[in-house]
Amino acid sequence: MACCCGYSEPIDTERVVVVAPLTMAAPIKVVVTGAAGQIAYSLLYQIASGAVFGPEQPVYLHLLDIAPMMGVLEGVVMELADCALPLLTGVLPTANPEEAFKDVAAAFLVGAMPRREGMERKDLLSANVRIFKEQGQALDKVARKDVKVLVVGNPANTNALICSKYAPSIPKENFTAMTRLDQNRAQSQLAAKIGVPVQDVKNVIIWGNHSSTQFPDASNALVKINGAEKPVPAAINDDEYLKTTFVSTVQKRGAAVIAARKMSSALSAAKAASDHMRDWFLGTGDRWVSMGVVSDGSYGTPRDVVFSFPVTVSNGKWKIVEGLTISDFARQMLDNTGKELAEEKQDALDVCKD
Ligand SMILES: NC(=O)C1=CN([C@@H]2O[C@H](COP(=O)(O)OP(=O)(O)OC[C@H]3O[C@@H](n4cnc5c(N)ncnc54)[C@H](O)[C@@H]3O)[C@@H](O)[C@H]2O)C=CC1
Ligand SMILES: O=C([O-])CC(=O)C(=O)O
């Protein structure tokens, strides 16, 4: 029950020095890498404004980038101050991973080279995977053991796997890769096709790799039409579309944005990163979301690669949705993306040997 001064309980002013309203939790430390880059420029505001960890959770932001970007990062720090955000209790800009990861509860690993037109994301592997080896080692040394790590930098699934491998003291379940942008793209395509608001479509799945082999799967998706829930395949009534145009549009959306913008998706990537981490911290209810997680072999997928599955989240723990029927078409798609992930893993391990 709130009392007249706005605090949740009456305060004994003899004993307590109040520096923040008692309804506020203690601040959590959150790191964003690649903090001087494109995605971070949209993401930082979302984190600091309360959209990710909730309107009652203050955050202390650790911003990591490489030494030559410290000047640019200074400008970002100025802008964060100029936002005058009540939940932002402090900012630490740094080029030192061990300083950046110290005691963090959440890590957005964005910093990595983006692809240019004509490249596949796995072409970034040799350049980027070493970053995730080094950052895994730093997380292992200094982060909280319950840190939730979201890898955004490409190739995201394999980078997340490598990061986890080099942070053996942190549970594997705490490392995830972002396929939420693909999920959001898929949901948006389906909503437009059916002619409903995007929030009325749910349970579309992204299986596998955040690459052009991913399988956007609408076979279990539901849509609300005139207040009643209906399977998406019945609402669209065009299996050929769902197996071809829908799949390839989502698979190639990143490349389409690069062709148009000459730079890769950033606004939508930041929104997806916020969605992913918010759902991981605050839960999903019975809604399914897609996350790249270390595979336990569910649905006949290769073990020990970071594979995107449908999950639900409660109490900060994700759980793979079980018992879905896999059609022959889906089987082929899952096998194909799983094979690519197994190959990427081998390539990444070879790079990390040096
Ligand atoms: N998983 C997904 O759905 C998506 C992933 N991406 C990927 O996210 C990554 C970042 O994209 P943008 O922000 O657009 O790139 P950007 O080039 O604008 O920014 C990247 C930043 O990372 C920094 N950086 C490089 N090495 C670093 C290191 N070792 N430690 C810390 N920072 C480092 C760079 O200096 C730069 O400031 C790319 O790999 C891109 O392909 C982009 C969109 C969606
Ligand atoms: O396409 C890219 O390189 C960036 C990305 O991962 C995406 O937009 O999905």
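Please read all numbers here as calculations on a predicted model, not as lab measurements. (Residues numbered from 1 in each chain as written. Chains lettered and ligands numbered in written order. Predicted model: local features only at pLDDT ≥ 70, side-chain atom pairs only at ≥ 80, totals over all residues. Heavy atoms only, no water.)

Enquirer: So what about the site of ligand 1? Which residues, and what values?
Expert: The environment of ligand 1 is made up of 26 residues, and the closest members are Q38, D65, M113, V152 and N154. At 2.9 Å from an oxygen atom of ligand 1 is found a main-chain nitrogen or oxygen belonging to Q38. With respect to ligand 1, the side chain of Q135 contributes an N or O atom lying 3.4 Å from a nitrogen atom. When ligand 1 sits alone it has 870 Å² of accessible area, and the protein chains cover 87% of it. Structurally, ligand 1 is housed in the largest pocket. For the shell around ligand 1, the elements supplying multiple residues, two or more each, are α1 (38-49) and α4 (125-142). Grouping the amino acids of the shell around ligand 1 by side-chain chemistry returns 15 nonpolar, 10 polar and one charged. There are two domains that each give the shell around ligand 1 at least three residues, and those are domain 1 (28-177) and domain 2 (180-349). (Near = heavy atom within 4 Å. Polar contact = N/O pair within 3.5 Å; in protein donor to acceptor, adjacent residues only side chain to side chain. Areas by Shrake-Rupley, 256 points an atom, 1.4 Å probe, with all protein chains shown as cover. 1 Å grid on protein atoms, 1.4 Å probe; cavity = no way out; pocket = protein on both sides within 12 Å on 5 of 7 lines; lining within 4 Å. Sits in = over half its atoms within 2 Å of the grid points. Helix = DSSP H or I, 4+ residues; strand = E, 2+ residues; numbered from the N terminus. Nonpolar A, V, L, I, M, F, W, Y, C, P; charged D, E, K, R; others polar. Domains from an automatic or database assignment.)

Enquirer: Give me the UniProt feature "binding site: NAD(+)" (unreviewed entry) in the protein chain: which residues, what numbers.
Expert: The positions that UniProt labels "binding site: NAD(+)" (unreviewed entry) are, in the present scheme, D65, N128, V152, G153 and N154. Of the annotated positions mentioned, D65, N128, V152, G153 and N154 line the largest pocket. Residue position: N128 is located in helix α4. Setting aside residues no more than four positions away along its own chain, N128 makes contact with A112, M113, N154 and N159. Among the polar contacts listed, one links the side chain of N128 to the backbone nitrogen of M113, at a separation of 3.0 Å. Assignment of secondary structure puts N154 in the loop between β5 (148-151) and α5 (156-165). You can call N154 buried: its relative accessible area is 17%. (UniProt positions renumbered as here; feature names shortened; annotations may be inferred. Contact = heavy atoms within 4.5 Å. Buried < 20%, exposed > 50% of the residue type's maximum accessible area, 1.4 Å probe, protein only.)

Enquirer: Could you give an account of the UniProt feature "binding site: substrate" (unreviewed entry) in the protein chain, with specific residues and numbers?
Expert: UniProt feature "binding site: substrate" (unreviewed entry): in the numbering of this structure it lies at R115, R121, N154 and R185. Cross-referencing the annotated residues with the largest pocket identifies R115, R121, N154 and R185 as lining it. If we ignore the near neighbours within four places in the chain, the residues touching N154 are A112, R121, L124, N128, N159 and H210. In this structure, R185 sits in helix α6 (residues 180-194). Residue R185 is classed as buried on the basis of its relative accessible area, which comes to 10%. Beyond its immediate chain neighbours, meaning those up to four positions away, R185 contacts R121, H210, V250, R253, G254 and S265.

Enquirer: With reference to specific residues and values, describe the pairing of strand β14 (residues 317-320).
Expert: Residues W318 and I320 line the buried face of β14, whereas the alternating positions K317 and K319 sit on a face that is not buried. Two strands pair when backbone bridges link them, and strand β13 (residues 306-314) and β14 are joined in this way by four bridges, in the antiparallel orientation. Paired with S314 across the two strands is K317, which belongs to β14. Taking the residues that link successive antiparallel strands as the turn, the β13-β14 hairpin has two residues, and the phi of N315 there is positive, at about 50°. (Pairing = 2+ DSSP bridges.)

Enquirer: Outline the packing of α5 against helix α12 (residues 328-353), supporting the account with residue identities and numerical values.
Expert: With their axes 10 Å apart at the nearest point, α5 and α12 run at an angle of 50° to one another. Accordingly, the angle class assigned to the pair α5 and α12 is oblique. Between α5 and α12 lies a crossing whose hand is right-handed. For the pair formed by α5 and α12, the contact residues are N157, T158, L161, I162 and K165 on the first element and L341, E344, K345, A348, L349 and C352 on the second. (Axes fitted to C-alpha atoms, helices over the stretch in contact; angles between N-to-C directions. Parallel < 35°, antiparallel > 145°, perpendicular 65-115°, else oblique. Left-handed = near helix turned anticlockwise from the far one by under 90°.)

Enquirer: Pulling in residues and values, what's your account of the packing of aromatic side chains?
Expert: Working definition: an aromatic ring pair is given by the centre-to-centre distance plus the angle between the planes. Tallying each qualifying case throughout the model produces six aromatic pairs. Ring geometry for W207 and Y299: centres 5.1 Å apart, planes at 75°, overall edge-to-face. With a gap of 92 residues between them, W207 in strand β8 (residues 205-207) and Y299 in the loop between β12 (289-294) and β13 connect regions that are remote in the sequence. Overall, W207 belongs to the buried group, its relative accessible area being 0%. Given a relative accessible area of 16%, Y299 falls into the buried group. (Phe/Tyr/Trp six-rings, centres within 6.5 Å; stacked < 30°, edge-to-face > 60°.)

Enquirer: Residue-level account of unusual backbone geometry, with values.
Expert: The omega angle of the peptide bond from N154 to P155 is -5°, so this bond is cis rather than trans. Summarising the element assignment, P155 is placed in the loop between β5 and α5. Positive phi is not limited to glycine here, since N203 has a value of about 65°. In this structure, N203 sits in the loop between β7 (201-202) and β8. One non-glycine residue, N237, adopts positive backbone phi at about 55°. With respect to the element layout, N237 can be found in the loop between α7 (232-236) and α8 (239-243).

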